Amino acid sequence: MSCFKIFFIFTKILFIISLTKAFAKEPKEVIVAKVNNYIITAQDVLDATNSLPKKIREKPLSKIYPKIVNELINQHLITKQAYKENLDKQKIIVELVKKNKEQLMAKYWLNNFLSNQTKEENIRAFYNKYLQNFKTFKEYNASHILVKEEIDALKIIKKINLKSEFSEFAKKYSIGPSKKNGGNLGWFKPGQMVLEFEKATFKLKKGMITKKPVKTQFGYHIIMLNDIRDSQPKSFNDIRQKIIDRIKQNSLTNLEKEIRKNQYISILEFTK
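Residues numbered from 1 in each chain as written. Predicted model: local features only at pLDDT ≥ 70, side-chain atom pairs only at ≥ 80, totals over all residues. Heavy atoms only, no water.

## What about helix 9 (residues 195-203)?
Count 3.6 residues to each turn of an α-helix, and residues three or four apart come out pointing the same way.
Part 1 of the argument: Buried within helix 9 we find Phe197, Glu198, Ala200 and Thr201.
Part 2 of the argument: The elements touched by buried residues of helix 9 are strand 3 (138-147), strand 4 (184-188), strand 5 (214-216) and strand 6 (219-230). (Buried < 20%, exposed > 50% of the residue type's maximum accessible area, 1.4 Å probe, protein only. Helix = DSSP H or I, 4+ residues; strand = E, 2+ residues; numbered from the N terminus. Contact = heavy atoms within 4.5 Å.)

## Quick look at the confidence of the model for the protein
Part 1 of the argument: Overall, the prediction assigns the protein a mean pLDDT of 89, with 91% of residues at 70 or greater.
Part 2 of the argument: Here residues 15-23 is a poorly scored stretch, pLDDT under 50, and it has 7 contacts once near neighbours within four places are set aside; other chains count. (pLDDT = per-residue confidence, 0-100.)

## As for the environment of glutamate 256
Part 1 of the argument: As for its position among the elements, glutamate 256 is in helix 10 (residues 236-259).
Part 2 of the argument: The sequence separation of glutamate 256 and valine 94 amounts to 162 residues, and the corresponding C-alpha distance is 29 Å.

## Thoughts on the nonpolar core
Part 1 of the argument: One finds Val32, Val45 and Ile68 to be the most contacted residues of the largest nonpolar core, which totals 15 residues.
Part 2 of the argument: Elements with a contribution of two residues or more to this core: strand 1 (31-35), helix 2 (42-50) and helix 4 (61-84).
Part 3 of the argument: If you tally residues by element for this core, the top one is helix 4, at 7 residues. (Core = buried A, V, L, I, M, F, W, Y, C linked by side-chain atoms within 4.5 Å.)

## Considerations on the pattern of salt bridges
Part 1 of the argument: Under the counting rule described, the total for this entry stands at 8 salt bridges.
Part 2 of the argument: Glutamate 258 serves as the salt-bridge partner of lysine 261, at 3.4 Å between the closest nitrogen and oxygen.
Part 3 of the argument: Look at glutamate 258 and you get partly exposed, because its relative accessible area is 49%.
Part 4 of the argument: By sharing partners, the salt bridges in this structure join Glu120, Arg124 and Arg240 into a single network. (Salt bridge = Lys/Arg side-chain N within 4 Å of Asp/Glu carboxyl O.)

## Thoughts on the packing of aromatic side chains
Part 1 of the argument: Across all of its chains, the model carries 9 aromatic pairs by this definition.
Part 2 of the argument: Ring geometry for tryptophan 109 versus phenylalanine 113: centroids 5.3 Å apart, planes at 10°, classification stacked. Remark: phenylalanine 113 and tryptophan 109 occur in helix 5 (residues 91-117); sequence separation between them is 4 residues, near one turn of the helix.
Part 3 of the argument: The class of phenylalanine 113 is buried, set by a relative accessible area of 17%.
Part 4 of the argument: Measuring from centroid to centroid gives 5.7 Å for phenylalanine 169 and tyrosine 173, while their planes differ by 35°, and the two rings are tilted. Placement of both phenylalanine 169 and tyrosine 173 in helix 8 (residues 166-173) is noted, with a separation of 4 residues, approximately one turn of the helix.
Part 5 of the argument: By relative accessible area, which is 15% here, phenylalanine 169 ends up buried.
Part 6 of the argument: Among the aromatic residues, those joined into a cluster by ring pairs are Tyr127, Tyr130, Phe134, Phe137 and Phe236. (Phe/Tyr/Trp six-rings, centres within 6.5 Å; stacked < 30°, edge-to-face > 60°.)

The following block contains the structure:
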């Protein structure tokens, strides 16, 4: 096969994949090679690519495409040879095929099961339940300057005359990762920060700075409370994927309980 033809087929695959289903063929409908009457499709190429080691998979498809197609051709011809020698009738092969068939069936059934569980109406119903059960709580937005020694924290507290200076002091003196943001930690709720930090923060009023350093396992903090607000429910789009993951997790837990009912299961203990 010429380089031009390989490039043409590769471009065709990318073109088909990039278009929406409404306007393009499915990869399984695109023929990329033939061996007598045996057909190799773009989907076969994609499946083979996905089974490659990550290091190879990360290479441009244009570089590995010819090797994949030729490997699929060789695989088919070797399989034909195996059939000629009646390898498919050997006991070990029959057992392996049975196991692989069972694994494929289980995987396919489970994928269908989870797809049904995560239909759009189920995701929406989960979100609506989340809205109904949502209870508001206080959220805090604070900035801090973190240093190793208490004496350094005391010196900084004395130097800060204006709230507007806090960000510059954080960028200059803080050893915490938030220094690049001027010490801003963003919004957080109770239970997200270490206890000593939270206690000191929750005592502050909006715009106030701690008068004494706050000691935690990380060092000494100078804290400024930027704002307080009542929490709001997350938008549907923000937590859609989390809802899907939760539905899947719950469905799998319930499924395991259901399919194991009235089953006699014996597991041998592991011994070294």
